[in-house]
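In case you want the letters, here they are:
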Amino acid sequence: MTTITVNATAGSGIKAEQWVQMYRRMVSIRLFEEQVNELYTRALMPGLAHLYVGEEAVAVGICQALRREDYITSTHRGHGHCLAKGASPDRMFAELLGKEAGYCRGKGGSMHIADPATGNLGANAIVAGSVGIATGAAFSAKHLNNGRVAVCFFGEGALGQGVLYEVMNLAQLWKLPVIYVCENNLYTEYTHFSETTAGDILARGSAFGLQTASVDGQDVRAVYETAKRLIEHSRQGGGPALLLCNTYRYTGHHVGDINREYYRSKQEEQSWKSERDPIKRLANWLIEQKLSDSNLLAAIDAEVRSEMEKAVEFAISAPYPDVKEAEENVYA
Amino acid sequence: MTTITVNATAGSGIKAEQWVQMYRRMVSIRLFEEQVNELYTRALMPGLAHLYVGEEAVAVGICQALRREDYITSTHRGHGHCLAKGASPDRMFAELLGKEAGYCRGKGGSMHIADPATGNLGANAIVAGSVGIATGAAFSAKHLNNGRVAVCFFGEGALGQGVLYEVMNLAQLWKLPVIYVCENNLYTEYTHFSETTAGDILARGSAFGLQTASVDGQDVRAVYETAKRLIEHSRQGGGPALLLCNTYRYTGHHVGDINREYYRSKQEEQSWKSERDPIKRLANWLIEQKLSDSNLLAAIDAEVRSEMEKAVEFAISAPYPDVKEAEENVYA
Amino acid sequence: MPDAGARELTFAQAVREALAEEMRRDPRVCILGEDVAEAGTPFKVLSGLVEEFGTSRVIDTPISEAGFTGVAVGAAMTGLRPVVDIMFGDFITLTMDQMVNQAAKVHYMSGGTWKVPMVMRTTLGATRRSAAQHSQSLHAWFSHVPGLKIVLPSTPYDAKGLLKTAIRDENPVVFFEDKMMYRQKGPVPAEEYTIPFGVADIKRVGRDITLVGTSSMVQVALGAANLLEEAGISAEVIDPRTTWPLDEKALIESAKKTSRVIIMDEGYGRYGVAAELSAVIAEGAFYDLDAPVKRMGAMHVPIPFSPPLEDATVPTEKSVFEAARALCGKT
Amino acid sequence: MPDAGARELTFAQAVREALAEEMRRDPRVCILGEDVAEAGTPFKVLSGLVEEFGTSRVIDTPISEAGFTGVAVGAAMTGLRPVVDIMFGDFITLTMDQMVNQAAKVHYMSGGTWKVPMVMRTTLGATRRSAAQHSQSLHAWFSHVPGLKIVLPSTPYDAKGLLKTAIRDENPVVFFEDKMMYRQKGPVPAEEYTIPFGVADIKRVGRDITLVGTSSMVQVALGAANLLEEAGISAEVIDPRTTWPLDEKALIESAKKTSRVIIMDEGYGRYGVAAELSAVIAEGAFYDLDAPVKRMGAMHVPIPFSPPLEDATVPTEKSVFEAARALCGKT
Ligand SMILES: Cc1ncc(C[n+]2csc(CCOP(=O)(O)OP(=O)(O)O)c2C)c(N)n1
Ligand SMILES: Cc1ncc(C[n+]2csc(CCOP(=O)(O)OP(=O)(O)O)c2C)c(N)n1
Ligand SMILES: [Mg+2]
Ligand SMILES: [Mg+2]
């Protein structure tokens, strides 16, 4: 891991190292996904994957506000959440390639990475598929009084699924420590959210009595601060919350979604990338605040890049599970 | 039908006859349900039934604001909606007894009465089971541009079902002419609504952009006026609405629910009956306004009572369907 | 099989006792469902539990079958052992995603790292005059899904022993109770016992024909067996008790012994549990069968409300008796 | 069966053409689903339809499978003929209540007064590296439910003719398309035609063994039949095309002729479509079978992501060939 140190502490109550750690995490996600795309274009990865590029600040800001033992649930676009919660890239890549060394012994793949060690209850390929699970984890936390909280990540597409409202109602009735994090990246697969989402997103939470907040999802500091506040409130028994993070996916719905102009313009994509990139924004701030400098950050970038390359190599050379594994783990 | 006439017109824009018609309809529902209970206690009715007694003003006020060709969907507690939309008691009783003369040839029973002639798409024994159907009827109405609207009746228990929010979202996105009518009678089966319903009911509609209103469901005039406004707005292309009617069921969840004190007090029941009865309220107003008098109303009561008695007799003496009917109507 | 001298409990009491014992034994066990607490469910199966275990363990939910089933999945993954109550088996339609795409697959998809030790209790069976949306027997769907275990108790004794096993199991288990059986009485020992999954029970030994019955159909089979006895035909009645795991061996052995089989299951026979049991036996006892395996299940129609119609949709002692006689060439 | 000289279309084109023709013929037909309009679905099956028919008839929905399926039920009752698109068959879990408790029962429960002429198009099939929640073949569930009709086309020709029939049917029909088949080509005549439900198609005539295949398994069966041919075994391949109504007669006749049968269906064999077909044949051809009916379906596990594992879960030409040889006593 990095040995780079920083000289000062940030204004907002947390140590400078933590901001730098968040920087590193965001870079990790970005470069992890670059490798995924590479694996896809080199035809080394079976199937497809949904990249988190552009949305890094959301997962990183929120997971930074969590404890290791806190729970998360994730989505089909889950690599970012998984990394932000602390999983290691080598076993993730191995999973993406269907190798035995993967987090799920190759059985889950990109859309199902789970990791008990970091409280990751799993990515989920059903839109809104994990809202029940996250709420249930919060139910346990409250029942067992272990002080944990659960964060449920989902795309704005999940707002279309009724079960989300069922569990928000339950969570509020029972004052469960769960934060529903809506990542509004403006599109479901190929449809703009205005075509799928009537009314007001936050009002959908407050109608059930939840605390709500919205935040610029491209600003990791804002995400972190807001998440921290909601999470601690919820941890103290304040009940569930809905946090709306406005963000954008830079690339296609999945790695194969190359020609996107029928549903969104190149210009729109470009403006998000050049004007609101979460990594650049944090970098600029760190430099401005003299919490780091461009050399140090470049060193982090390089270090992460080489970590990712090694992780990919590990995964490529790792063996597949034995075929008879197919029949194992059906029952515990 | 009644030959009683009234002398004057009411203030609120509709003819006095219509208020008297609403009075008659409410009495019809009340006395219909009395007969149902009687059939149950005399062990003449197979299974159970959920009585609408106490809630008459809701169905009657709303259906009065509808046209015959407009659609309704109903619930397990559906006799009131069915009568208010214009069904005749004899075929309803026949259905409740499983007779061939019933609206569904005896195949549906109390919880599934449907009647195309009055736009009744059917009662439904799945809580929130008809919210999709009602929204779909509104979808047709808009698509075929036939000027119809759909009213979807449901108990506040249906607020627990996610599909309701799915269709509210669709209805608002597509500006469909559908009115969601929540009959909050304070209880699901045996559980108070405060234990099952977090936040604010109307906010659950407005979060999706729906027009909303709430009304005293024991005041048929208020129900009618509010429904009329929402329905016509919706019919003109104003999109869907959520109408909350606060009401109370006088009797058990179903005819067999006799001892209710573990979930609600006799005193509570008594106060609703004696202080807010919708039929008494309308009667008093009609008399006060000199739109009718107690003799005329008593004559209506008597007429309805005898109509119900005859209808019950018809149903009792009607034959069961032939056993081979069981295999018919599976496919159209 | 319990001793003849054991105390008698109703099926509902047996279910309740299993829950109470497991809740006493293990504080992680809790119950979630509609009207389960003070009301003790509409069938009164859970009466008294909230008084003993409190509202933090016997929890009334809103009418949100998908939502609270999903909560149970997550709770099971994180240290609890929830038992969810789905009042009518017809409402499992609303829980299919939670049960099939989530509960059943979590363990496998996570490569064995997460587990989902939960139980869904629900009901099946017709003839209650409840019409098409409250009378289905949909256990075939879950039986089709790897990752789930499916239990169909047919006596108070089995109900208690199998439910205790279900609660202790590390996997999602679906437990179907016949609504019409709740008041049926049978011997249930006071001593602790459990019944393993995947072990069929021979409810009656016979020679000439095997009647395989599940759940509600076991009593019908036993009744038919008595009629057959009088007609000189010795019927064996065998109850698989769990459709998954399935005790294929016991079914095949009985079929080999008698060489004639009728499968009775209250679900639709078409693409149903009876089809699987029939296929298993037709394959496994191929060389010993003297007649085709016959299936008897619900008539392939939505269950009608009208009593004479509804009654015609389910197998009866009489119709089974006649089918068995025909199969034995004695009409 | 189409003429040999007919033009070739892919399976996806055949589906699209059926929809386009029916939409031209009948203004009541409309399409509802996720990303069906400009995107033409992720599989591009519907490309071009929105351009011809506009967004009022090809309608993008939110991700609300239950909601828009419910809307389709109501729309079908009131004068439209909606076709809903459920992207992956795995998501039918979310529509079970709308399809089973509503669509399938409305006609019956209303004593025949309301009808629900709607079609649900969805997919099945594994080996796409999509893992456990995007690879299931769950058609057995709907096949179990009276009131629904279930279609499993296996060629472009069948897809077009059966989909047109589905759209014209007065009942709810579920139409399962194999995701892996979309690019497969086959002859499809330019002239109008429809294919009736309940009529099995003999895809290949043979003498020694019957391979019953559905959907994706028909091609596998045909491949295996070629291998068997070389080994001197003449295999008949028969495709029921609809699981409900089911052409029992054709299956039984083929079985009687060949006396040996393998059923291949990509769903789980356990409590699945293969069990029903097996039971039907074992009953109907009881006195003519020389060997037990064998079932081959998906391995009874959630579909794993890892390619070598996933490939092991589905029957292949080779595994069918070997099973058939063994069944014919030629190993
Ligand atoms: C229940 C369900 N319906 C449809 C899909 C197919 N699907 C996969 S991702 C996706 C879009 C999700 O959009 P959103 O929730 O906004 O997440 P994003 O991809 O933007 O991160 C869809 C429709 C699915 N996986 N699950
Ligand atoms: C999906 C579903 N879950 C549970 C039930 C059982 N049930 C029937 S009525 C009812 C209560 C309904 O309460 P509410 O919607 O308030 O209507 P009310 O009976 O008060 O008119 C319940 C839980 C059902 N019919 N459907
Ligand atoms: Mg999105
Ligand atoms: Mg209520």
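Residues numbered from 1 in each chain as written. Chains lettered and ligands numbered in written order. Predicted model: local features only at pLDDT ≥ 70, side-chain atom pairs only at ≥ 80, totals over all residues. Heavy atoms only, no water.

*Asks:* Which parts of the structure should I look at to understand the coordination of the magnesium ion (ligand 3)?
*Replies:* Tetrahedral metal sites with four donors have an ideal angle of 109.5 degrees; octahedral sites with six donors have ideal angles of 90 or 180 degrees. Residue and element names in this part refer to chain A. Around the magnesium ion (ligand 3), the protein contributes the donor atoms Glu 156 (OE), Asn 185 (OD1) and Tyr 187 (O), at 2.1 Å from the metal centre. Read N to C, the donor residues that coordinate the magnesium ion (ligand 3) are spaced as E-x28-N-x1-Y. Remark: Tyr 187 occurs in the loop between β3 (178–184) and α7 (201–206) and Glu 156 occurs in the loop between β2 (150–155) and α6 (163–173); sequence separation between them is 31 residues. Here Glu 156 matches Tyr 187 in class, with each residue buried. (Donors = N, O, S within 2.8 Å, 3.2 Å for Na, K, Ca; no water. Helix = DSSP H or I, 4+ residues; strand = E, 2+ residues; numbered from the N terminus. Buried < 20%, exposed > 50% of the residue type's maximum accessible area, 1.4 Å probe, protein only.)

*Asks:* Quick question: what am I supposed to make of the nonpolar core here?
*Replies:* A general tendency of soluble globular proteins is for nonpolar side chains to be buried together. Core analysis: the largest hydrophobic core is formed by 266 residues, its most contacted members being Tyr 180 of chain A, Tyr 180 of chain B, Phe 142 of chain C together with Phe 142 of chain D. Those residues in contact with Phe 142 of chain C, other than ones at most four positions away along the chain, are Ile 92, Thr 95, Met 96, Met 99, Val 100, Met 120, Leu 148, Ile 150, Val 174 and Phe 176 of chain C. (Core = buried A, V, L, I, M, F, W, Y, C linked by side-chain atoms within 4.5 Å. Contact = heavy atoms within 4.5 Å.)

*Asks:* Any chance you could explain the sheet that holds strand β3 (residues 58–60) of chain C here in plain terms?
*Replies:* Hydrogen bonds between backbone atoms are what pair the strands of a sheet, whose relative direction is either parallel or antiparallel. Residues and elements named next belong to chain C. Ordered by their spatial adjacency, seven strands build an open sheet running β3-β2-β4-β5-β7-β6-β12, and the pairing between neighbours is mixed. Strands at the two margins of the open sheet, each flanked by one partner only, are β3 and β12 (242–244). The mean inter-strand angle of the sheet, taken between neighbouring strand axes irrespective of direction, is 20°. Note that strand β2 (residues 29–33) and β3 share three bridges and pair parallel. Bridge pairing in β3 links Leu 32 to Ile 59. Contacting β2, β3, β4 (81–86), β5 (119–124) and β7 (173–178), helix α1 (residues 11–25) crosses the sheet at an angle of about 130° to β2. (Pairing = 2+ DSSP bridges. Axes fitted to C-alpha atoms, helices over the stretch in contact; angles between N-to-C directions.)

*Asks:* Help me understand the site of ligand 1, please; the structure alone is not making it clear to me.
*Replies:* Inspection of the region around ligand 1 gives 22 residues, with His 76, Arg 77, Ala 125 and Asn 185 of chain A together with Glu 65 of chain D positioned closest. Neighbouring residues of ligand 1 are distributed over chains A and D. At 2.7 Å, a side-chain N or O of His 76 of chain A approaches an oxygen atom of ligand 1. With the chains in place, 98% of the 580 Å² that ligand 1 exposes on its own is no longer accessible. Looking at the shell around ligand 1 residue by residue, the class counts come to nine nonpolar, eight polar and five charged. (Near = heavy atom within 4 Å. Polar contact = N/O pair within 3.5 Å; in protein donor to acceptor, adjacent residues only side chain to side chain. Areas by Shrake-Rupley, 256 points an atom, 1.4 Å probe, with all protein chains shown as cover. Nonpolar A, V, L, I, M, F, W, Y, C, P; charged D, E, K, R; others polar.)

*Asks:* Could you clarify how one ought to interpret the packing of helix α1 (residues 16–41) of chain A against helix α10 (residues 278–288) of chain A in this entry?
*Replies:* The description of two packed helices rests on the angle between their axes and on the distance between the axes. All names here are of chain A. Relative orientation of the contacting elements α1 and α10 amounts to 155°, with a least axis distance of 10 Å. Looking at the two axes, α1 sits roughly antiparallel to α10. Read as a crossing pair, α1 and α10 show a hand that is left-handed. Between α1 and α10, the residues in contact are Trp 19, Val 20, Met 22, Tyr 23, Met 26, Val 27 and Arg 30 and Pro 278, Ile 279, Leu 282, Ala 283, Trp 285 and Leu 286, respectively. (Parallel < 35°, antiparallel > 145°, perpendicular 65-115°, else oblique. Left-handed = near helix turned anticlockwise from the far one by under 90°.)

*Asks:* Would you take a moment to explain the interface of chain C and chain D for this structure?
*Replies:* Often the size quoted for an interface is simply the accessible area lost on bringing the parts together. With 53 residues of chain C at the interface, the matching set in chain D holds 53 residues. If you look at where chain C meets chain D, you find eight salt bridges. Here Glu 248 of chain C and Arg 270 of chain D are joined by a salt bridge, their closest N and O atoms 2.6 Å apart. The interface formed by chain C and chain D includes 31 residue pairs in polar contact (both at pLDDT 80 or more). Looking at side-chain class alone, the side of chain C that touches chain D contains 31 nonpolar, 13 polar and nine charged residues. (Salt bridge = Lys/Arg side-chain N within 4 Å of Asp/Glu carboxyl O.)

*Asks:* Hey, could you run me through the site of ligand 2 in this one?
*Replies:* Within the structure, ligand 2 sits among 22 residues, and His 76, Arg 77, Ala 125 and Asn 185 of chain B together with Glu 65 of chain C are positioned closest to it. Here an oxygen atom of ligand 2 sits 2.7 Å away from a polar atom, N or O, in the side chain of His 76 of chain B. Take Arg 77 of chain B: an N or O atom from its side chain is 2.7 Å from an oxygen atom of ligand 2. For ligand 2, whose free accessible area comes to 580 Å², the fraction covered by protein is 98%. Its residues assigned to classes, the shell around ligand 2 shows nine nonpolar, eight polar and five charged.

*Asks:* Is there a simple way to explain empty space enclosed by the protein in this structure?
*Replies:* The gaps of empty space that remain are located by a probe, the size of a water molecule, rolled over the atoms. For the structure on display, the rule yields 12 cavities of 30 Å³ or more. Here the largest cavity is characterised by a volume of approximately 280 Å³. When contributions to the lining of the largest cavity are tallied by element, the ones reaching two or more residues are α6 of chain A, α6 (163–173) of chain B, α4 (96–109) of chain C together with α4 (96–109) of chain D. By residue number, the principal contributor to the lining of the largest cavity is α4 of chain D, which donates three residues. In the lining of the largest cavity, the residues fall into 10 nonpolar, 10 polar and four charged. (1 Å grid on protein atoms, 1.4 Å probe; cavity = no way out; pocket = protein on both sides within 12 Å on 5 of 7 lines; lining within 4 Å. Points joined across faces, edges and corners; volume = space filled by probe spheres on them.)

*Asks:* Hey, could you run me through the interface of chain D and chain B in this one?
*Replies:* Taken together, the contact pairs 44 residues of chain D with 38 residues of chain B. Here chain D meets chain B over a buried area of about 3,100 Å², counting both sides, of which 67% is carbon and sulfur. When residues of chain D are sorted by the area they lose upon contact with chain B, Tyr 108, Met 109 and Trp 114 of chain D head the list and together hold 21% of the total. Summed over the shared surface of chain D and chain B, the result is zero salt bridges. Viewed at the interface, chain B and chain D are joined by 12 residue pairs in polar contact (both at pLDDT 80 or more). Sorting the residues of the side of chain D that touches chain B by element identifies β2 (29–33), β3 (58–60), α3 (65–77) and α4 of chain D as the ones contributing at least two each. Looking at which element gives the most residues to the side of chain D that touches chain B, the answer is α3 of chain D, with 10 residues. Its residues assigned to classes, the side of chain D that touches chain B shows 19 nonpolar, 18 polar and seven charged. (Buried area = accessible area lost by both parts, 1.4 Å probe.)

*Asks:* Would you mind going over the coordination of the magnesium ion (ligand 4) with me for this structure?
*Replies:* Residues and elements named next belong to chain B. Distances from the magnesium ion (ligand 4) to its protein donors, Glu 156 (OE), Asn 185 (OD1) and Tyr 187 (O), fall at 2.1 to 2.2 Å. Mapped onto the polypeptide sequence, the residues donating to the magnesium ion (ligand 4) form the spacing pattern E-x28-N-x1-Y. One exposure class covers both Asn 185 and Tyr 187, and it is buried.

*Asks:* Sorry if this is basic, but what is going on with the relation of the copies chain C and chain D here?
*Replies:* Between the two copies of the chain lies a rotation about an axis combined with a shift along it. Note on the identical chains: chain C maps onto chain D by a rotation of 180° and an axial translation of 0.0 Å, with an RMSD of 0.0 Å. Taken together, the turn and the small shift mark the pair as related by a two-fold rotation axis. Interface residue correspondence from chain C to chain D reaches 100%, placing this contact among same-surface, isologous pairings. (Least-squares fit on C-alpha atoms with pLDDT ≥ 70 in both.)

*Asks:* Just checking my understanding: could you explain the domain arrangement of chain C for this structure?
*Replies:* Residue and element names in this part refer to chain C. Domain annotation for chain C reports domain 1 (8–187) and domain 2 (201–327). The interface of domain 1 with domain 2 comprises 26 residues on the first partner and 26 residues on the second. Together, the buried faces of domain 1 and domain 2 total about 2,100 Å²; carbon and sulfur atoms form 56% of this surface. Looking at the side of domain 1 facing domain 2, the largest losses of area belong to Arg 129, Leu 152 and Ser 154, adding up to 26% of the total buried there. In this structure, the connection of domain 1 to domain 2 is made through four salt bridges. Between Arg 241 and Asp 158 there is a salt bridge; the shortest N-O distance is 3.1 Å. At the junction of domain 1 with domain 2, the criterion picks out 13 residue pairs in polar contact (both at pLDDT 80 or more). When residues of the side of domain 1 that touches domain 2 are traced back to their parent elements, those giving at least two are α5 (139–143), β6 (149–151) and α6 (156–168). Each residue belonging to the side of domain 1 that touches domain 2 can be placed in one class, and the counts come to 12 nonpolar, nine polar and five charged. (Domains from an automatic or database assignment.)

*Asks:* Help me understand the state of the cysteines, please; the structure alone is not making it clear to me.
*Replies:* Covalently bonding the sulfur atom of one cysteine to the sulfur atom of another cysteine gives a disulfide. As enumerated under the stated definition, the model contains zero disulfides over all chains in all. A disulfide-free cysteine, Cys 182 of chain A has its sulfur positioned 8.0 Å from the sulfur of Cys 245 of chain A, the nearest such atom. (Disulfide = S-S within 2.5 Å.)

*Asks:* Is there a simple way to think about the environment of Lys 185 of chain C in this case?
*Replies:* Residue and element names in this part refer to chain C. Take Lys 185: it is sitting in strand β8 (residues 185–187). Under the relative-accessibility criterion, Lys 185 is labelled exposed at 54%. With 172 residues separating them along the chain, Lys 185 and Gln 13 place their C-alpha atoms 9.0 Å apart. Here Lys 185 is in contact with Glu 8, Leu 9, Thr 10 and Pro 156, once residues within four sequence places are set aside.

*Asks:* What am I meant to see in helix α5 (residues 131–144) of chain B here?
*Replies:* Residue pairs three or four apart in sequence face the same way in an α-helix, which turns once every 3.6 residues. Residue and element names in this part refer to chain B. The terminal C-alpha atoms of α5 lie 20 Å apart, and with 14 residues this matches the ideal 20 Å at 1.5 Å per residue to within 8%. Across the 14 residues that make up α5, a large majority, 11, are buried. Residues of α5 that are buried: Val 131, Gly 132, Ile 133, Ala 134, Thr 135, Gly 136, Ala 137, Ala 138, Phe 139, Ser 140 and Ala 141. Phi turns positive, to about 55°, at Asn 145, one or two residues after α5. (Expected span 1.5 Å × (residues − 1).)

*Asks:* Is there a simple way to explain the sheet that holds strand β5 (residues 241–246) of chain B in this structure?
*Replies:* Residues and elements named next belong to chain B. The parallel open sheet is built from five strands, whose spatial order is β1-β2-β3-β5-β4. Among the strands making up the open sheet, the edge pair consists of β1 (71–73) and β4 (211–216). The average angle at which neighbouring strand axes cross in this sheet is 20°, direction not considered. Both β4 and β5 contribute to a ladder of six bridges, which runs parallel. Bridge pairing links Val 215 to Cys 245 in β5. Along the sheet, α5 contacts β1, β2 (150–155) and β3 (178–184); its crossing angle with β2, the most-contacted strand, is approximately 170°. Where α6 meets the sheet, it contacts β2 and β3, and its direction lies at approximately 150° from that of β3.

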